[in-house]
Amino acid sequence: MSQKGLANVTAGETALCKLGGKSEELYYRGYNACKLADKYSFEAVAFLLLKGHVPSDDEISAYTEELVLLTDIPFDVEKTLRGLPEDANAMDVLRTGVSLLGIFEPENDDYHGLVIANRLMVLLPRFLAIWRGKSVPKNASIAEAVCIACCDSDVDDVFVDAMNQSLILYAEHEFNASTFAARVTSATLSDMYSAICSAIGTLRGPLHGGANEQALYLIKSFDNIASVEEGIKQKLINKEKLMGFGHRVYKTKDPRSHKLYSILDSLPHTDLFDIAKEIERIMMDEKQLISNVDFYTAVLYEQMNIKPNLFVAIFVFGRIIGWSAHVLEQRANNRLIRPLAEYIGPDPID
Ligand code: COA
């Protein structure tokens, strides 16, 4: 018997991430992801996921210096990104940037997976910045680089800190659809760039990363709290799927959503946040559906003056680490991923 959507099927092993279970918590290599977000830089969490342990002070200083050396972009890549249409889809821009880099710096023995993982972490926000006519200083942290690339207002420390936390919460999530796509690609012994392009294409859909943009439109469709209850009930009667709610694995809470709620709670409150909280309350009362990571990131990024069509790109800037770590893990113990299908077509026809 096949399982639609591979629901509840264990499709492999990983030492990178554990989630769900009784406590419904999320752990990166054994560390609670929400607590990592409180204390660490995105770079430190990247080090943990890619190299296997929390960096010492010396290790993180050396790693940060190493990342600065990876910020140069090949002239032809930069030129192409600059020339892409202003109204292009941000995910097309990122996928194209990765593809181009793969042409100018193909993977080889010297230029191996880990180097490419670090390089993409550093360059992806810069690709977006170039396309948007902005420039990111060489020594900017990843969170700063993302803010400079995406925010349409001045970037301050409070926003950089909130961005750092949201990137950590997006960094890794076991066998989600885009990571699984990356693993399937790399299991054929394809190159790192191809695996990341598969993942970017998979993340984009509204049932996955694209949900954060759609969640904003949902929240913004209400002018005030008073109109939320009736509006949401009507959508549920109409059997609409409300983006930013529900999860394949978490059933009682998505810990990332709780963390994002507390980040927003520590910032000046906005009407949008109040409306979002009311939507969440009604979804729980009516459908027992939890908000997921994409619900409150939508509120946070709107508050940071980021255009909604860039929200899913920010997901890429975080998840690039999870994808890369999974590709490396898949390669270390590889077997082609090739499931079976249950045949439901006609019997052989003579
Ligand atoms: N809004 C309304 N109803 C929802 C819902 C949502 N966001 N998510 C799930 N449901 C309902 C389904 O309609 C279905 O109800 P039914 O049994 O009466 O038909 C039931 O809950 C199970 O949903 P299903 O889509 O089969 O669950 P899934 O495990 O296949 O899907 C998601 C998980 C995340 C794809 C799904 O919850 C969803 O589409 N959410 C919105 C997109 C989103 O926020 N994605 C980001 C995930 S981090």
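Just so it is clear, the model here is predicted, and its values are computed rather than measured. (Residues numbered from 1 in each chain as written. Predicted model: local features only at pLDDT ≥ 70, side-chain atom pairs only at ≥ 80, totals over all residues. Heavy atoms only, no water.)

Draft legend 1. Layout of helix 16 (residues 311-332). Counted at 1.5 Å a residue, the expected span for helix 16 with its 22 residues is 32 Å, and the 32 Å between its end C-alpha atoms agrees. At Arg-319, helix 16 is bent by approximately 45 degrees, the largest bend along its length. Of all 22 residues in helix 16, 18 are buried, a share of seventy percent or more. (Helix = DSSP H or I, 4+ residues; strand = E, 2+ residues; numbered from the N terminus. Expected span 1.5 Å × (residues − 1). Bend = angle between axes of the 7 residues up to and from the residue. Buried < 20%, exposed > 50% of the residue type's maximum accessible area, 1.4 Å probe, protein only.)

Draft legend 2. View of the packing of aromatic side chains. The final tally for this structure, using the stated rule, is 9 aromatic pairs. An angle of 55 degrees between the planes, with centres 4.6 Å apart, marks the rings of Phe-245 and Phe-295 as tilted. Of this pair, Phe-245 sits in the loop between helix 12 (228-237) and helix 13 (255-265) while Phe-295 sits in helix 15 (residues 293-303), and the two are 50 residues apart along the sequence. The burial state of Phe-245 is the same as that of Phe-295; both residues are buried. Through pairs of rings, three or more aromatic residues link up here, namely Phe-245, Tyr-261, Phe-273, Phe-295 and Tyr-296. (Phe/Tyr/Trp six-rings, centres within 6.5 Å; stacked < 30°, edge-to-face > 60°.)

Draft legend 3. Geometry of the sheet that holds strand 2 (residues 25-28). Strand order in the open sheet made by the 3 strands is 1-2-3, with antiparallel pairing throughout. Only two strands of the sheet have a single neighbouring strand rather than two, namely strand 1 (17-20) and strand 3 (31-32). Pairing between strand 2 and strand 3: 2 bridges, direction antiparallel. Opposite Tyr-28, over in strand 3, you have Tyr-31 as the bridge partner. (Pairing = 2+ DSSP bridges.)

Draft legend 4. Region of the structure containing the site of the ligand. Around the ligand, the structure places 17 residues, and the nearest of them are Lys-241, Leu-242, Gly-244, Phe-245 and Arg-248. For the ligand, an oxygen atom lies 2.8 Å from a polar atom in the backbone of Gly-244. Protein coverage of the free-state accessible area of the ligand, which is 860 Å², stands at 64%. Looking at the shell around the ligand residue by residue, the class counts come to 7 nonpolar, 5 polar and 5 charged. (Near = heavy atom within 4 Å. Polar contact = N/O pair within 3.5 Å; in protein donor to acceptor, adjacent residues only side chain to side chain. Areas by Shrake-Rupley, 256 points an atom, 1.4 Å probe, with all protein chains shown as cover. Nonpolar A, V, L, I, M, F, W, Y, C, P; charged D, E, K, R; others polar.)

Draft legend 5. Representation of unusual backbone geometry in the model. A positive phi is found at Arg-29, a non-glycine position, where the angle reads about 45 degrees. In this structure, Arg-29 sits in the loop between strand 2 and strand 3. Note on Arg-29: relative accessible area 28%, which makes it partly exposed. Even without being glycine, Glu-174 reaches a positive phi, approximately 55 degrees. Note that Glu-174 resides in the loop between helix 8 (157-170) and helix 9 (177-187).

Draft legend 6. Examining the state of the cysteines more closely. A full pass over the atoms with the stated rule returns 0 disulfides. There is no disulfide at Cys-151, and the cysteine sulfur nearest it, in Cys-147, is 4.4 Å away. (Disulfide = S-S within 2.5 Å.)

Draft legend 7. Looking closely at a negative patch on the surface. On the surface, Glu-144, Asp-154, Asp-156, Asp-157 and Asp-161 cluster together into a patch of negative charge. Summarising the element assignment, Asp-157 is placed in helix 8. (Patch = residues over 30% accessible without salt bridge, like charges linked within 9 Å, V, L, I, M, F, W, Y side chains within 5 Å. Salt bridge = Lys/Arg side-chain N within 4 Å of Asp/Glu carboxyl O. Lys, Arg positive; Asp, Glu negative; His and termini not counted. Charge placed at Lys NZ, Arg CZ, Asp CG, Glu CD.)

Draft legend 8. Representation of the pairing of strand 1 within the structure. One ladder, built from 4 bridges, connects strand 1 with strand 2; its direction is antiparallel. By the bridge assignment for strand 2, Lys-18 is matched with Tyr-27. Here strand 1 hands over to strand 2 after 4 residues, with Gly-21 in that stretch at a positive phi of 70 degrees.

Draft legend 9. Quick peek at the side chain of Ser-291. The residue Ser-291 is located in the loop between helix 14 (271-287) and helix 15 in this model. At a separation of 2.6 Å, a polar atom in the side chain of Ser-291 contacts the side chain of Ser-257. A distance of 2.7 Å separates the side chain of Ser-291 from the side chain of Glu-280, its partner in a polar contact. Discounting residues that sit within four places of it in the chain, Ser-291 has contacts with Gly-244, Phe-245, Asp-254, Ser-257, Glu-280 and Tyr-296. (Contact = heavy atoms within 4.5 Å.)

Draft legend 10. Here's a closer look at the pattern of salt bridges. Applying the stated criterion across every chain yields a total of 20 salt bridges. A salt bridge links Glu-25 to Lys-253; its shortest N-O distance comes to 3.0 Å. Of this pair, Glu-25 sits in strand 2 while Lys-253 sits in the loop between helix 12 and helix 13, placing them 228 residues apart in sequence. Accessibility assignment for this pair places Glu-25 and Lys-253 in one class, buried. One salt bridge in this structure joins Asp-38 and Lys-259, with 2.4 Å as the shortest N-O distance. One end of the pair, Asp-38, is in helix 1 (residues 33-39); the other, Lys-259, is in helix 13, with 221 residues separating them in the sequence. One continuous salt-bridge network, built from bridges that share partners, spans Glu-229, Lys-233, Glu-278, Arg-281, Asp-285 and Glu-286.

Draft legend 11. Focus on the packing of helix 6 (residues 113-131) against helix 10 (residues 192-203). Across the interface, helix 6 lies against helix 10 with an axial gap of 10 Å and an inter-helix angle of 45 degrees. In this view, helix 6 runs oblique relative to helix 10, as classed from their interaxial angle. Contacts from Gly-113, Ile-116, Ala-117 and Leu-120 in helix 6 reach Met-192, Tyr-193 and Ile-196 in helix 10. For the contact of helix 6 with helix 10, the per-class residue count stands at 6 nonpolar, 1 polar and no charged. (Axes fitted to C-alpha atoms, helices over the stretch in contact; angles between N-to-C directions. Parallel < 35°, antiparallel > 145°, perpendicular 65-115°, else oblique.)

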